[in-house]
Amino acid sequence: MSTVRISDDAVARACGADRVSDAFAKLGWTVERVSSWGMHWLEPLAEVNGVGWGPVTPDRVAEIAEGGADDLCIGPVAVHPFIASQQRLTFARAGKTRPLSLDDYANSGGWAGLDRARAIGSEQVLAEMAQSGLRGRGGAGFPAGIKWQTVAKAPGDRKYVVCNADEGDSGTFADRMVMEGDPFALIEGMAICAHAVGAGQGYVYLRSEYPDAIAKMNAAIDLAAERIAPFRMEVRVGAGAYVCGEETSLLNSLEGKRGEVRAKPPLPAIAGLFGQPTVVNNVLTLAAVPHILAEGGAAHYDALGLGRSKGTMPIQIAGNVRHGGLYETAFGVTLRELVYDIGGGTASGRPVKAVQVGGPLGAYLHPDQFDIAFGYEEYAGADALIGHGGIVVFDDSADMAAMARFAMEFCAAESCGKCTPCRIGSVRGMEIIERILAGGRKADAVEVLPQMHNVRDADRSLEDQVALLEDLCETMKFGSLCALGGFTPYPVLSALRHWPEDFGLTKQAVPA
Ligand code: SF4
């Protein structure tokens, strides 16, 4: 009897993978549900003896079963150019293993990192983590080894490992793919961390919008319980506030409180969950750990990348792009390669206008900037962020003034309300953008506070409105308590500077 492998990742299922699986099963085929290769434009992808067909619809299944449907055949999947050009460490098992098979996990090198960590002891684990240069993949890029060392040294009755799985950035899906496709890798990474810092309990904080990931993680934790003992793990489901991706807000939510940001210090590494020393790392950070602890992994990781951006980054290519999907490679790749060579340009066939990198609070990069190498410092130098590695492509029909206004609106909607620059500034930011779009006059529908700068808004020139927006962005950037208010200026100012014409402005009206 023949066997076909089809992904049960949420993207594949949303594209009809369940119906394609049923169609193969009706023909008497054995269907193996595996993780996704990450070539989303080809989902549902059916793989028979290593050869792939995609995207498959149920009415083409009989042809594939007979060895036909040549127009859908992509040849051997493992050597497809999209896969062959990657350096996959975190996603080394993607497309190859059944997510909840302990045998598949162990047979593909799983648990080697945990076994070695237990053999070499926590001091050596901490040293190797520092050597690897792994930085938090959630956005801030803080060195994971230093955070772990701080927790290991901090006094506390109990210590915790918290996985920030509250993936909420636009165009990001790598965390979800790890949890749905390779959940034991995250569990192993958390168990290694717990061993290194002396934690007994771990939590995976997930948002309710990820039902498949919640189910997979719960099942995987049950299956791995004996393997990771005495470390214990649980999944906790949040309601999906964007600010709960901020580590202190997440900790409040985990404690059953309102998801509001805490002032730092104290750092969570010193006083985190329930006031105890806590490692908070995101999914990609923790899932990178087993490779680093497996034999020779730390040196291998350290040797990859660019400057202080070490190792590989799973980059999520989304938006108006032909070949959207998951692309893992060492830091240093350019946006030009990602958008044109790997992504195939826009899905609409129109010219690329902008790429937003790093989620809804990331800067919009202009094609003139597409040669900047993908790295934390390189992007910071261009007033941009790599964040969680999501890139969203826009064609020339995008209205960048509308996108800038949306950034302020998003911040206003998601603000936890704790600090004024974010809570009030985002609303005022929307108003100023509306006034700019209205040609400098007060937009009819907008309420304003003329006393703010002792000038009636109706009397402000267009240049004054631009200066006011820049001033407000400066205040939000440096006066906000967390990244939500602090990073909103990135999309706003980048849109204003690179596409002033969308705001009805000339280049001269916008200071560089
Ligand atoms: S920046 Fe916004 S989300 Fe962050 S603490 Fe201030 S009000 Fe809350």
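Residues numbered from 1 in each chain as written. Predicted model: local features only at pLDDT ≥ 70, side-chain atom pairs only at ≥ 80, totals over all residues. Heavy atoms only, no water.

1. Concerning the domain arrangement of the chain
Its domain assignment divides the chain into domain 1 (3-85), domain 2 (102-303), domain 3 (305-395) and domain 4 (400-503). Relative to domain 3, the C-alpha centre of domain 2 lies at a distance of 25 Å. Every contact between the two is made by 23 residues of domain 2 and, on the other side, 25 residues of domain 3. Per-residue buried area on domain 2 facing domain 3 is highest for Arg135, Arg137 and Phe173; these three make up 32% of the total on that side. Our count for the contact surface shared by domain 2 and domain 3 stands at two salt bridges. At the surface where domain 2 touches domain 3, the tally comes to 14 residue pairs in polar contact (both at pLDDT 80 or more). Listing elements by their share of the side of domain 2 that touches domain 3, those giving two or more residues are helix H9 (174-181) and helix H14 (297-303). Broken down by class, the residue content of the side of domain 2 that touches domain 3 amounts to seven nonpolar, 10 polar and six charged. (Domains from an automatic or database assignment. Contact = heavy atoms within 4.5 Å. Buried area = accessible area lost by both parts, 1.4 Å probe. Salt bridge = Lys/Arg side-chain N within 4 Å of Asp/Glu carboxyl O. Polar contact = N/O pair within 3.5 Å; in protein donor to acceptor, adjacent residues only side chain to side chain. Helix = DSSP H or I, 4+ residues; strand = E, 2+ residues; numbered from the N terminus. Nonpolar A, V, L, I, M, F, W, Y, C, P; charged D, E, K, R; others polar.)

2. Topic: the environment of aspartate 371
Mapped onto the elements of the fold, aspartate 371 is located in the loop between strand S15 (364-365) and helix H16 (376-381). Through-space distance from the C-alpha of aspartate 371 to that of leucine 335 is 6.3 Å; in sequence the pair is 36 residues apart. If we ignore the near neighbours within four places in the chain, the residues touching aspartate 371 are Thr334 and Arg336. Polar contacts involving the side chain of aspartate 371 include one to the side chain of arginine 336, which spans 2.8 Å.

3. A closer look at the side chain of lysine 147
Along the chain, lysine 147 turns up in helix H8 (residues 144-153). Of the residues examined, lysine 147 reaches a relative accessible area of 16% and is grouped as buried. With residues up to four places along the chain from it excluded, the contact list for lysine 147 reads Phe142, Glu247, Ala269, Val280 and Asn281. (Buried < 20%, exposed > 50% of the residue type's maximum accessible area, 1.4 Å probe, protein only.)

4. Regarding the packing of aromatic side chains
Tallying each qualifying case throughout the model produces 15 aromatic pairs. Ring geometry for tyrosine 242 and phenylalanine 410: centres 5.0 Å apart, planes at 75°, overall edge-to-face. In this pair, tyrosine 242 sits in the loop between strand S8 (232-238) and helix H12 (247-254) while phenylalanine 410 sits in helix H17 (residues 400-414), placing the two residues 168 residues apart along the sequence. Among the residues examined, tyrosine 242 registers a relative accessible area of 16% and is labelled buried. On the basis of an interplanar angle of 40° and a centroid distance of 6.1 Å, the ring pair of phenylalanine 406 and phenylalanine 410 is categorised as tilted. Note that phenylalanine 406 and phenylalanine 410 are positioned in helix H17 at a spacing of four residues, about one turn of the helix. Overall, the relative accessible area of 42% leaves phenylalanine 406 in the partly exposed class. These aromatic residues form a ring-pair network of at least three members: Trp41, Phe82 and Tyr327. When the ring centre of tyrosine 490 is taken as origin, the NZ or CZ atom of lysine 477, which lies over that ring, is 4.9 Å away. (Phe/Tyr/Trp six-rings, centres within 6.5 Å; stacked < 30°, edge-to-face > 60°. Lys NZ or Arg CZ within 6 Å of the ring centre and 35° of its normal.)

5. Some remarks on the site of the ligand
In the vicinity of the ligand there are 13 residues, among which Cys416, Lys418, Cys419, Cys422 and Cys482 approach most closely. Within the shell around the ligand, the residues separate by chemical class into eight nonpolar, four polar and one charged. (Near = heavy atom within 4 Å.)

6. Remarks on the pattern of salt bridges
Here the structure, examined in full by the defined rule, presents 34 salt bridges. We note a salt bridge from aspartate 182 to arginine 93, for which the minimum N-O separation is 3.0 Å. Note that aspartate 182 is positioned in the loop between H9 and helix H10 (183-197) and arginine 93 in the loop between helix H4 (81-84) and helix H5 (102-107), a separation of 89 residues in sequence. For aspartate 182, a relative accessible area of 9% gives the class buried. The exposure class of arginine 93 is buried, given its relative accessible area of 13%. Between lysine 264 and glutamate 247 there is a salt bridge, with the nearest N and O atoms lying 3.1 Å from each other. Here glutamate 247 lies in helix H12 and lysine 264 lies in the loop between H12 and strand S9 (278-282), a separation of 17 residues in the sequence.

7. Details of the sheet that holds S15
Spatially, S13-S12-S16-S14-S15 is the arrangement adopted by the five strands of the open sheet, whose pairing is mixed. Either end of the sheet is taken by a strand with one partner, and the two such strands are strand S13 (325-330) and S15. (Pairing = 2+ DSSP bridges.)

8. Some points on the packing of helix H7 (residues 122-132) against H8
Between H7 and H8, whose axes approach to 7 Å, the crossing angle comes to 155°. Considering the angle they form, H7 stands roughly antiparallel to H8. Contact residues: H7 offers Val125, Leu126, Met129 and Ala130, while H8 offers Ala144, Gly145, Trp148, Gln149 and Ala152. Tallied by class, the residues present in the contact of H7 with H8 amount to seven nonpolar, two polar and no charged. (Axes fitted to C-alpha atoms, helices over the stretch in contact; angles between N-to-C directions. Parallel < 35°, antiparallel > 145°, perpendicular 65-115°, else oblique.)

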